[in-house]
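Here is how the chains run, residue by residue.
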Amino acid sequence: MKRLVAAAVAAVLVLFAAGFAALWFSDDVQDAMLRRVVQSNMAFNDAVLDPEALHVVLCGTGSPMPDPDRAQSCAIVYAGEHVFVVDAGLGGWDRLAAFGLPVGNITGVLITHFHSDHISGLPDIALNSWASGRREALALYGPPGVETVAAGFDLAYSLDDGYRIAHHGPDFFSEEGANFRPITVDVPDRDTGVTVFEDAGVKVTAFRVSHEPVEPAYGFRIDYKGRSVVFSGDTKEDRNVATFGAGADVIVHEALAAHMVDLLGEGLAARGDRRSKVMYDIQDYHATPVQAAKVANEAGTKLLVYTHVVPRLPNALAERVFLRGVSDIRKRGVMIGYDGLYLRLPAGSEKIETIDLR
Ligand SMILES: [Zn+2]
Ligand SMILES: [Zn+2]
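Rules used in this analysis
- Residues numbered from 1 in each chain as written.
- Chains lettered and ligands numbered in written order.
- Predicted model: local features only at pLDDT ≥ 70, side-chain atom pairs only at ≥ 80, totals over all residues.
- Heavy atoms only, no water.
- Donors = N, O, S within 2.8 Å, 3.2 Å for Na, K, Ca; no water.
- Tetrahedral: all angles 85-135°; square planar, octahedral: opposite > 155°, others 65-115°.
- Helix = DSSP H or I, 4+ residues; strand = E, 2+ residues; numbered from the N terminus.
- Contact = heavy atoms within 4.5 Å.
- Buried < 20%, exposed > 50% of the residue type's maximum accessible area, 1.4 Å probe, protein only.
- Disulfide = S-S within 2.5 Å.
- Arc of directions from axis to C-beta.
- Pairing = 2+ DSSP bridges.
- Axes fitted to C-alpha atoms, helices over the stretch in contact; angles between N-to-C directions.
- 1 Å grid on protein atoms, 1.4 Å probe; cavity = no way out; pocket = protein on both sides within 12 Å on 5 of 7 lines; lining within 4 Å.
- Points joined across faces, edges and corners; volume = space filled by probe spheres on them.
- Salt bridge = Lys/Arg side-chain N within 4 Å of Asp/Glu carboxyl O.

What follows concerns the coordination of the zinc ion (ligand 2). Within the protein, Asp117 (OD), His118 (NE2), Asp234 (OD) and His308 (NE2) serve as the donor atoms for the zinc ion (ligand 2), at 2.1 to 2.2 Å. One can describe the site at the zinc ion (ligand 2) as irregular: its 4 donor atoms subtend angles covering 86 to 179° at the metal. On the primary sequence, the residues serving as donors to the zinc ion (ligand 2) are separated as D-H-x115-D-x73-H. Between the zinc ion (ligand 2) and the zinc ion (ligand 1), a separation of 3.3 Å is found, and both are coordinated by Asp234.

Structure, rendered in structure tokens:
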């Protein structure tokens, strides 16, 4: 009996070794395996994005502060025929690509304001949607000043665009597709919501939020088939998010935990690091998790998702500290967003399905 077991074990080991050797030394076996991985990765999300739901994916939930776990501000919304990117911070494209999400048919990019962490990823998203088949200039919606940002990127990347058109040909990379098309959204005052876009059942509304000295700064609301998502943009606690977010299914709200950032500031100050000043300054134009929860309660939203998370939350304990005080005012329907959070809101339903794409 022992001999039989030993023989079986030996056979398994030999098979395993042979398999490993084939994988490690055979180009053909390696290529076949890679081919299968590539195909299965690419097949993923095209099928999932059905037109009978509003789909929201967070592709960046970080801030300008370095965070290996979070790209800078980025979300993408799929609503039937239309696709909107909401802010385009650095690293957002890397996440979209990693999750296998299509970007070839972007209707437009909605920019809440022009801090670097909301625009620095624009060139990557533009290039990859251009490569995926976008022929027209990429529509860039934003507050007054968006034309400066568009012209600046167009100029900075004009040489790069020229190389790509020359290399791959204008049939592949259309000349027009190289550029941004700025669309200035003028929201005249705090009480007015401006319809930025309306077509095929999709409505996008811009409203003012408070992020002085950045002025104006906007939040956006997207409605589709009776479902809705609101993006606060960067703002301190502002009733406008509740007013224009009233009844929204989801509010994606920025959050900075002041009680944690204070400690960071103290630590930097103790080392004589001049950046301690930044840790104090930033607190006056962002909202704390508790403040965002109050706003979400006032709006009567089903789900509050924190984004633009400051500071970095490397573990469960840090997340617990970040959320301190939130459960006192909001017991359910609140979560810390992460890169790869996918929310599916089916039409004709109250449901919010949460899927982790990581
Ligand atoms: Zn900002
Ligand atoms: Zn920001």
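Anyway, onward from the coordinates.
Along the chain, Thr307 falls in strand 12 (residues 303–310). In this structure, Thr307 is in contact with Gly60, Thr61, Val252, His253, Glu254 and Ala255, ignoring residues within four places of it in sequence.

Our focus in this paragraph is the side chain of Ser129. Note that Ser129 resides in helix 6 (residues 122–131). On the basis of relative accessibility, which here comes to 0%, the residue Ser129 falls in the buried class. When residues no more than four places from it in sequence are discounted, the contact partners of Ser129 are Val103, Gly104, Ile106, Arg134 and Leu138.

A separate point is the state of the cysteines. A covalent bond bridging the sulfur atoms of two cysteines is what the word disulfide describes. Scanning the model with the defined rule gives 1 disulfide in all. Put simply, Cys59 and Cys74 are joined by a disulfide, and their sulfur atoms are 2.1 Å apart. Disulfide Cys59-Cys74: torsion about the S-S bond near -75°, hence left-handed. Of the two residues, Cys59 sits in strand 1 (residues 53–60) while Cys74 sits in strand 2 (residues 74–79), which places them 15 residues apart along the sequence. For Cys59, a relative accessible area of 0% translates into the label buried.

Below, the discussion takes up helix 12 (residues 289–299). Looking only at helix 12, the buried set comprises Pro289, Ala292, Ala293, Val295, Ala296 and Ala299. The arc that holds the buried residues of helix 12, viewed along the axis, is 160°, so those residues lie on one side. Lining the buried residues of helix 12 we find helix 9 (239–244), strand 11 (250–256), strand 12, helix 13 (316–322) and helix 14 (326–329). One or two steps after helix 12, the chain reaches Gly300, where phi turns positive at roughly 70°.

With respect to topology, 7 strands assemble into an open sheet ordered 7-8-9-10-11-12-13, the strand pairing being mixed. The sheet terminates laterally at strand 7 (194–199) and strand 13 (334–336), the two strands that pair on one side only. This sheet shows a mean twist of 25° between the axes of neighbouring strands, independent of strand direction. When strand 10 (residues 227–231) meets strand 11, the two strands line up parallel, connected through 3 bridges. Paired with Val229 across the bridge in strand 11 is Val250.

This part covers unusual backbone geometry. Omega for the peptide link from Glu212 to Pro213 comes to 10°, which places this bond in the cis form. Its location among the elements puts Pro213 in the loop between strand 8 (202–211) and strand 9 (214–224). In this model, Val310 is joined to Pro311 through a cis peptide bond whose omega is 0°. Secondary-structure assignment places Pro311 in the loop between strand 12 and helix 13. Located in the positive-phi region is Asp87, a residue other than glycine, with phi close to 65°.

For the structure shown, the criterion picks out 2 cavities of 30 Å³ or more. Of the voids in this model, the largest cavity is the one considered here, and its volume is about 150 Å³. Surrounding the largest cavity, 18 residues form its lining, Ser73, Asp87, Phe231, Val252 and Thr307 being those nearest its centre. Within the residue set of the lining of the largest cavity, elements represented by two or more residues are strand 1, strand 2, strand 3 (82–88), strand 11 and strand 12.

In this section: the pattern of salt bridges. According to the stated counting rule, one finds 18 salt bridges in the structure shown. Between Arg312 and Asp67 there is a salt bridge, with its nearest N and O atoms 3.7 Å apart. Remark: Asp67 occurs in the loop between strand 1 and strand 2 and Arg312 occurs in the loop between strand 12 and helix 13; sequence separation between them is 245 residues. Judged by relative accessible area, which is 38%, Arg312 ranks as partly exposed. Residues Arg164 and Asp160 are paired through a salt bridge, measuring 3.0 Å at the closest nitrogen-oxygen approach. Separated by 4 residues within a single helix, Arg164 and Asp160 lie in helix 8 (residues 158–168), roughly one turn from each other. Looking at Arg164, the relative accessible area reads 27%, which means it is partly exposed. Here Asp160 falls in the partly exposed class, since its relative accessible area comes to 21%. When salt bridges with common partners are traced through the structure, they connect Asp50, Arg344, Lys351 and Glu353 into a single cluster.

Take the coordination of the zinc ion (ligand 1) next. Six octahedral donors around a metal ideally sit at 90 or 180 degrees from one another, while four tetrahedral donors ideally sit at 109.5 degrees. Each protein donor to the zinc ion (ligand 1) is listed here as His113 (NE2), His115 (ND1), His211 (NE2) and Asp234 (OD); together their distances run 2.1 to 2.3 Å. One can describe the site at the zinc ion (ligand 1) as irregular: its 4 donor atoms subtend angles covering 93 to 158° at the metal. The class of His115 is partly exposed, set by a relative accessible area of 24%. His211 sits in the buried class, given a relative accessible area of 0%.

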